[in-house]
Amino acid sequence: MKHAYDITRMLKIRTTNSVPVSPIYFNVAEYCLFGIILGVIIGIIVYYNVVNKKYNSVAGFLFGGKNMSVISISLALVSSHLTSITLLGVPVEIYLRGTQYWASALSLVIVTILTAVIYLPVFHKLQLSSSFEYLEIRFSTHTRTIAAVLFVVSKLMLLPIVPYVPLMAFRLVTNQLAGRITAVLCVGCATFCAVGGLRAIVALGIVTTFLALAGTALPSGLALLPMGFKKMWEIAGHGGRLVLYDPDPELAHHTSFFAVTLALSTNWLWKIALSQSTLQKLLAVPTISQARLCLTVSCVGVIFMKLLSCFLGLALYAWFAGCDPLLTGEIKKHEQLVPHFLNNLASMFPGICGIFIMSIFSATTGCIASLINSIAGVLFEEFIRPWMPQRTRETACCKIMKLLCVLVGIYCGVVVWFAKEMDRLQHVASGVTGVTAGTLLGLFTLGIVFSRANCSGALSGCLLSLVLCGWLLIGAENALATGALTFQVKPLAISGCGKANFTHVLVNITTVLPNAANQLPTKRLQSLFRISFTYCPFAGAISVLLIGVLMSYLTGKSRSDSMNPDVFCPLTQSILHKSQFRSPTASLEARSPNTQEVYVALDEALKHLKEAIDQGCSSPVPQNTMLPIKALGFARQE
């Protein structure tokens, strides 16, 4: 009852005037807990960089020796989704636009099935150090180089954004210098963790998963103590936040059912099935059945964490339904809503804010470490190793990749430290990442699924897709800058500020809905630039497939019969096998011989010659001596 009284008292003191937010300061227990977590991370770094040097090779650095356990890889895959965007952004998305984001669970199930059936069998058979090596095997060296450049550029743009998002969120609720130091410390820990290789990243991912679970579940549960689940559900329903199916066909609406399922499925399909960081984890287990089990377990874990973030968003809305902090001047951006909520909650439950900040710190560190490791691996395999002597030792290659990790980490830390405002860069980096993700997904899918696709189709599809999606991205960014394109949100209100309990909040939010709905932006943009940025990956992938298949047919089909069948997915392999079985059998003379058949034929020929010699050499060589060789097409054609 004391906690409920404190929350009611805090609701009473809210006004419509600007209220300064007190900074977040750790108490002694939080400092001790943060020291323990930081000590665990430093222990992981020291162990895998100083003590354990067993995996000091390229395979050990990138794949952990390829003998890791299912549980550790599954938890690491879950942690790869637990970025600061998930922990800070998803609750705000629910608060502003409703629970349609729940459909991301459906997208994740579809993506997991497609990955296990289509993409994973190909890469698990080929066992490539770099995923882009596949494009050289399937198409050409130029295709591989273009794809690798796109990947490196997009990830280098995205890398400074990862620590900047929590830095921006906590900037106005804590000391700015302390926030910047924490962000750079996060980058430093991630860099040295990446130097430790995949095993260090997996160990950090396990810690991140449990911290994120505690940092998301505890605030949600504590926020429900004064109101209960039923009251929270009623407030969310009256506020229009309970959205189970929004069939809005408007392309500018980025939270409709189709936008969430199609757009997120495309983006996640690239991230889960084809990105370098995920493939490193999936290839770290010995068998493909274990890799599929890792995918299944991680899918369940990620869905649970996503739904937990949605639940936290509903708790946020029930808390601030009638008194939006942005409208009252308590915060400057809705991205700071979660830290502001935790700052208020910490006055009644000391330590809760520290747990959440530590989960953000760990999640950001793990995400940066995985990105740095994958960038260093691609840079080495694509742009350095081809110029090195073939006899270069594995230890030397591993040292070069570790040096690349340090250089990429220094770049990220410098950008984060000196950057003051990166909001525009954040939008541009997210857009570029979406464009490249869709283009690369289409490029890999073209080679894996379509056996008739050739190099001309792949290159033309890739370049034209980049031009099309780049044009849409530039137009959308310009429309956002001029105000012609806005992201609509559901109604917000301040009429409940100062009310004594949540019943008054429920009444006031019900009465304010009609008036608040009229405040939504009505300016329309009649062009293709109205397409939501979430559709960019989908548009890019479809463009590559359509243009690539068409150009491949126009320029001549690929010689799939002379290729390694492992470059195709199992479904395509079965189709090719059936088509070859139904086609007329080629003549024996024209058929290229198998090596084993050659040896058998030569052995038979020598056997006949030996029999002839044993008979006394008086009789002519038997006519059937050359038959095995003729059967293979070695005899001179008449």
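Use the structure listed above.
Residues numbered from 1 in each chain as written. Predicted model: local features only at pLDDT ≥ 70, side-chain atom pairs only at ≥ 80, totals over all residues. Heavy atoms only, no water.

Q: Outline the overall build of the chain, listing residues and values.
A: Summing up its helical and strand segments, the chain has 25 helices and 0 strands in all. Evaluated residue by residue, the chain yields a buried proportion of 52% over its 638 residues. For the chain, the accessible surface area stands at approximately 28800 Å², while carbon and sulfur atoms represent 66% of it. (Helix = DSSP H or I, 4+ residues; strand = E, 2+ residues; numbered from the N terminus. Buried < 20%, exposed > 50% of the residue type's maximum accessible area, 1.4 Å probe, protein only. Areas by Shrake-Rupley, 256 points an atom, 1.4 Å probe, with all protein chains shown as cover.)

Q: Now, about helix H18 (residues 394–418): what can you tell me, with residues and values included?
A: With 25 residues, H18 should reach 36 Å at 1.5 Å per residue; the first-to-last C-alpha distance of 37 Å fits that figure. Buried within H18 we find Cys 397, Cys 398, Met 401, Leu 404, Cys 405, Val 408, Gly 409, Cys 412, Gly 413 and Val 416. (Expected span 1.5 Å × (residues − 1).)

Q: Explain unusual backbone geometry to me, using residue names and the numbers behind them.
A: Residues other than glycine seldom take positive phi values, yet Lys 66 does so here, at roughly 60°. As for its position among the elements, Lys 66 is in the loop between helix H3 (58–63) and helix H4 (70–79). Of the residues examined, Lys 66 reaches a relative accessible area of 26% and is grouped as partly exposed. With phi around 55°, Gln 127 is a residue other than glycine that occupies positive phi space. Take Gln 127: it is sitting in the loop between helix H6 (104–126) and helix H7 (133–138). Judged by its relative accessible area of 30%, Gln 127 falls in the partly exposed class.

Q: Could you give me a rundown of the pattern of salt bridges, with the residues and numbers involved?
A: This structure, assessed with the given rule, holds 6 salt bridges. Measuring nitrogen to oxygen at the nearest pair gives 2.3 Å for the salt bridge that ties Glu 136 to Arg 144. Residue Glu 136 is classed as partly exposed on the basis of its relative accessible area of 33%. In this structure Arg 144 comes out as buried when scored by relative accessible area, which is 11%. Across the salt bridge formed by Arg 385 and Glu 381, the nearest N and O atoms sit 3.1 Å from each other. You can call Arg 385 partly exposed: its relative accessible area is 29%. Salt bridges sharing common partners tie together Glu 136, Arg 144 and Glu 382. (Salt bridge = Lys/Arg side-chain N within 4 Å of Asp/Glu carboxyl O.)

Q: Tell me about the packing of aromatic side chains, and please be specific about residues and values.
A: One pass over the full model with this rule turns up 14 aromatic pairs. Where Phe 132 meets Phe 444, the ring centres are 6.0 Å apart and the plane angle is 55°; that geometry is what we call tilted. Of this pair, Phe 132 sits in the loop between H6 and H7 while Phe 444 sits in helix H19 (residues 423–449); the two residues are 312 residues apart in sequence, bridging distant segments of the chain. Accessibility classification places Phe 132 together with Phe 444 in one group, the buried group. Centre to centre, the rings of Phe 229 and Phe 311 are 6.0 Å apart; their planes meet at 10°, and the pair counts as stacked. Note that Phe 229 is positioned in helix H12 (residues 228–238) and Phe 311 in helix H15 (residues 288–320), a separation of 82 residues in sequence. The structure contains a cluster of three or more aromatic residues connected by ring pairs, namely Phe 123, Phe 132, Tyr 134, Phe 151, Trp 270 and Phe 444. (Phe/Tyr/Trp six-rings, centres within 6.5 Å; stacked < 30°, edge-to-face > 60°.)

Q: Describe in detail the packing of H4 against helix H11 (residues 198–223), supporting the description with residues and values.
A: For the pair H4 and H11, interaxial distance at closest approach is 8 Å and the crossing angle is 65°. The two elements H4 and H11 cross, and the hand of that crossing is left-handed. The residues of H11 that touch H4, namely those facing Ser 72, Ile 73, Leu 75, Ala 76, Val 78 and Ser 79, are Val 202, Gly 205, Ile 206, Thr 208, Thr 209 and Phe 210. (Axes fitted to C-alpha atoms, helices over the stretch in contact; angles between N-to-C directions. Left-handed = near helix turned anticlockwise from the far one by under 90°. Contact = heavy atoms within 4.5 Å.)

Q: Could you give me a rundown of the nonpolar core, with the residues and numbers involved?
A: By size, the foremost hydrophobic cluster in this structure holds 157 residues, and its most contacted members are Phe 132, Tyr 134, Trp 270 and Phe 341. A total of 18 residues in this core trace back to one element, the largest contributor, which is helix H17 (residues 352–384). The contacts of Phe 132, once residues within four sequence positions are left out, are Arg 144, Ala 147, Ala 148, Phe 151, Trp 270, Val 378, Glu 382, Leu 440 and Phe 444. (Core = buried A, V, L, I, M, F, W, Y, C linked by side-chain atoms within 4.5 Å.)

Q: Break down the side chain of Thr 445 for me, with residues and values.
A: With respect to the secondary-structure elements, Thr 445 resides in helix H19. Aside from chain neighbours lying at most four places away, what touches Thr 445 is Tyr 119, Phe 450 and Leu 545.

Q: Could you give me a rundown of the packing of helix H5 (residues 84–97) against H15, with the residues and numbers involved?
A: Contact geometry for H5 and H15: axes closest at 7 Å, N-to-C directions at 55°. With respect to H15, the axis of H5 lies oblique. In this structure, H5 crosses over H15, and the sense of that crossing is right-handed. Together, Thr 86, Val 90, Pro 91, Ile 94 and Tyr 95 of H5 and Lys 306, Ser 309, Cys 310, Leu 312, Gly 313, Leu 314, Leu 316, Tyr 317 and Phe 320 of H15 make up the contact between the two elements. Tallied by class, the residues present in the contact of H5 with H15 amount to 10 nonpolar, 3 polar and 1 charged. (Parallel < 35°, antiparallel > 145°, perpendicular 65-115°, else oblique. Nonpolar A, V, L, I, M, F, W, Y, C, P; charged D, E, K, R; others polar.)

Q: Give me the environment of Cys 398: which residues, what numbers.
A: Mapped onto the fold, Cys 398 is located in helix H18. In this structure the C-alpha to C-alpha distance between Cys 398 and Val 58, which are 340 residues apart in sequence, comes to 5.5 Å. Residues in contact with Cys 398, not counting those within four places in the same chain, are Asn 56, Ser 57 and Phe 61.

Q: Pulling in residues and values, what's your account of the environment of Leu 468?
A: Mapped onto the elements, Leu 468 comes out in helix H20 (residues 455–482). Leu 468 gets classed as partly exposed once you look at its relative accessible area, which sits at 36%. Along the primary structure Leu 468 and Cys 536 are separated by 68 residues, whereas in three dimensions their C-alpha atoms are 9.7 Å apart.

Q: Pulling in residues and values, what's your account of the side chain of Asn 454?
A: Summarising the element assignment, Asn 454 is placed in the loop between H19 and H20. A polar contact is formed between the side chain of Asn 454 and the side chain of Thr 555, at a distance of 3.1 Å. (Polar contact = N/O pair within 3.5 Å; in protein donor to acceptor, adjacent residues only side chain to side chain.)

Q: Go over the environment of His 81 with me, naming the residues and quoting the values.
A: Mapped onto the fold, His 81 is located in the loop between H4 and H5. Taking relative accessible area as the criterion, His 81 reaches 7% and is therefore assigned buried. The spacing of His 81 and Trp 268 is 187 residues in sequence and 9.8 Å in space, taken between C-alpha atoms. The residues touching His 81, leaving out its near neighbours within four places in the chain, are Thr 86, Leu 108, Lys 271, Ile 272, Val 302 and Lys 306.

Q: A description of a nonpolar patch on the surface should follow, citing residues and the corresponding values.
A: Where nonpolar side chains cluster on the molecular surface, the patch consists of Ile 181, Leu 403, Leu 407, Ile 410, Val 414, Trp 417 and Phe 418 and spans about 690 Å² of accessible area. Residue contributions to the nonpolar patch peak at 6 residues, all from H18. Looking at where Leu 407 falls in the secondary structure, it is placed in helix H18. Classification of Leu 407 as partly exposed rests on a relative accessible area of 48%. (Patch = residues over 30% accessible without salt bridge, like charges linked within 9 Å, V, L, I, M, F, W, Y side chains within 5 Å.)

Q: Tell me about H5, and please be specific about residues and values.
A: In this model, H5 (14 residues) spans 19 Å end to end at C-alpha, consistent with the 20 Å of a helix rising 1.5 Å per residue. Where burial is concerned, most of H5 is hidden: 12 out of the 14 residues are buried. Here H5 has its buried residues at Ser 84, Thr 86, Leu 87, Leu 88, Val 90, Pro 91, Val 92, Glu 93, Ile 94, Tyr 95, Leu 96 and Arg 97. Remark: Gly 98 follows H5 within two positions and exhibits a positive phi of approximately 100°.

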